[in-house]
Amino acid sequence: MITLTHFLLVSAALFSIGLYAVLAKRNAIMILIGIEFIINAAILNLVAFGKYDKINYGGQVFALFAIVLAAASVAVGLAIILNLYRKHQTINPEQTTDLRD
Amino acid sequence: MELIIFYIFAFIVLTSAILVVSLKNTARSLFLFFVVLFAMAGLFIFAFADFIAITQILVYVGGVLILMIFAFMLSNKQLLEDLQNTSKKFLSLPNWQSLLVAIGFLVVMSYGIFEWQEHTPRWITENIHKGAVIGPSDNNIEELGIKFMTKYLLPFEVISLFLLAALIGAAHLSRKEDHS
């Protein structure tokens, strides 16, 4: 029998890995991947709790919403990264110090 | 038996996620990201969320990953190089500090989870008592469709508008600028 704790532990570990990627990486695409890990950990939590809610199906419905939000954020984020690369010839967040042209 | 398969999937997720963040080569990391997402879909099935698992594979593996590989290929070879140089600015922590923060978060969250374990929320115990728990024989997709069109109609419409706006914004941002 898989209880809630197993799901929560796995998603906590995945969240920590994503946090490490966001903090340590010097590559904007890897930072985006770290954010995706964090979102996936959140979706796993939503789904695990949603198992106990048959009346409203709240967990699964909002897990779907979270997947859509993640897809939208990746589309916009990658567009911004491509623009950044075109303007500055780098995607290292350290070296992009100005926002204007 | 169930638990063994669950932990095999969890092991795949965690080891490939650690490899994703530790490998120096961005292309390898992107393809390992693929493995992480597939194994996450496997974990969703253990919570009886089959439709979420299918959507995960469709949206993430079919959309997000292809988008990332495109972005990776449209930038140049410089990305293949190791970008991990340390500097002394704020928020540019060296690796060991971010490792410390991440492990600290993991310890705090696991402590919280084990403390929480003895105090299950009342709605969960009530639903288990009433038998209102999603089981392996439930038809989730039909229920989800009904819920989307009745109870969650407003969030559904809002999220579709949001997705439309985000995609138009992304298309506008990545367009080549004409000097007018």
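Just so it is clear, the structure is predicted and the values come from calculations on it, not from any experiment.

**As for the overall build of chain B**
Thought 1: Each helix and strand counted, chain B has seven helices and zero strands in total.
Thought 2: Shown N-terminal to C-terminal, the secondary structure of chain B runs as helices and strands in the order α-α-α-α-α-α-α.
Thought 3: Buried residues in chain B amount to 21% of all 180 residues.
Thought 4: Sequence separation of at least 24 residues holds for 53% of the intrachain contacts in chain B that already meet a minimum separation of 6.

**Notes on the overall build of chain A**
Thought 1: A count of helices and strands for chain A gives three helices and zero strands.
Thought 2: Along chain A, from the amino end to the carboxyl end, the secondary structure elements read α-α-α.
Thought 3: The C-alpha radius of gyration computed for chain A amounts to 17 Å, which surpasses the reference 13 Å derived for 101 residues by more than 25%, pointing to a less compact arrangement than a globule.
Thought 4: The buried share of chain A, reckoned over its 101 residues, is 56%.
Thought 5: Once local pairs closer than 6 in sequence are excluded, the contacts in chain A between residues at least 24 apart make up 42%.

**A short note on the domain arrangement of chain B**
Thought 1: The domain boundaries assigned to chain B delineate domain 1 (1–79), domain 2 (97–130) and domain 3 (138–171).
Thought 2: One C-alpha centre belongs to domain 2 of chain B, the other to domain 3 of chain B, and the line joining them spans 29 Å.

**Observations concerning the environment of B:V64**
Thought 1: Among the secondary structure elements, B:V64 is positioned in helix α3 (residues 50–74).
Thought 2: Judged by the 23 C-beta atoms lying within 10 Å of it, B:V64 is buried.
Thought 3: Sequence separation of B:V64 and B:F105 is 41 residues, and the distance between their C-alpha atoms is 27 Å.
Thought 4: Setting aside residues up to four positions removed in sequence, B:V64 forms contacts with A:A71, A:V74 and B:V59.

**Some words on the environment of B:A53**
Residue and element names in this part refer to chain B.
Thought 1: The topology assignment puts A53 in helix α3.
Thought 2: Classification of A53 by C-beta neighbours within 10 Å gives buried; the count is 20.
Thought 3: Taking the C-alpha atoms as reference points, A53 and E118, separated by 65 residues in sequence, lie 29 Å from one another.

**Quick word on the interface of chain B and chain A**
Thought 1: Between chain B and chain A, the contact holds 75 residues from the first and 57 residues from the second.
Thought 2: Of all the secondary-structure elements, those providing two or more residues to the side of chain B that touches chain A are α1 (2–22), α2 (26–46), α3, α4 (95–116), α5 (122–130), α6 (140–149) and α7 (153–173) of chain B.
Thought 3: Considered class by class, the residues forming the side of chain B that touches chain A number 52 nonpolar, 18 polar and five charged.

**Focus on the confidence of the model for chain B**
A low pLDDT score tells you not to read the predicted coordinates there in detail.
Residue and element names in this part refer to chain B.
Thought 1: Summary statistics for chain B give a mean pLDDT of 84 and a share of 87% for residues scoring 70 or more.
Thought 2: The low-confidence segment residues 84–90, where pLDDT is below 50, has six contacts with residues more than four positions distant or belonging to other chains.
Thought 3: In the model output, the complex is listed with pTM 0.88 alongside ipTM 0.87.

Reading the values: the criteria
Residues numbered from 1 in each chain as written. Chains lettered and ligands numbered in written order. Predicted model: local features only at pLDDT ≥ 70, side-chain atom pairs only at ≥ 80, totals over all residues. Helix = DSSP H or I, 4+ residues; strand = E, 2+ residues; numbered from the N terminus. Buried ≥ 20, exposed ≤ 12 C-beta atoms within 10 Å, placed from the backbone. Contact = placed C-beta atoms within 7 Å. Rg over C-alpha atoms; globule rule 2.2 N^0.38 Å. Domains from an automatic or database assignment. Nonpolar A, V, L, I, M, F, W, Y, C, P; charged D, E, K, R; others polar. pLDDT = per-residue confidence, 0-100.

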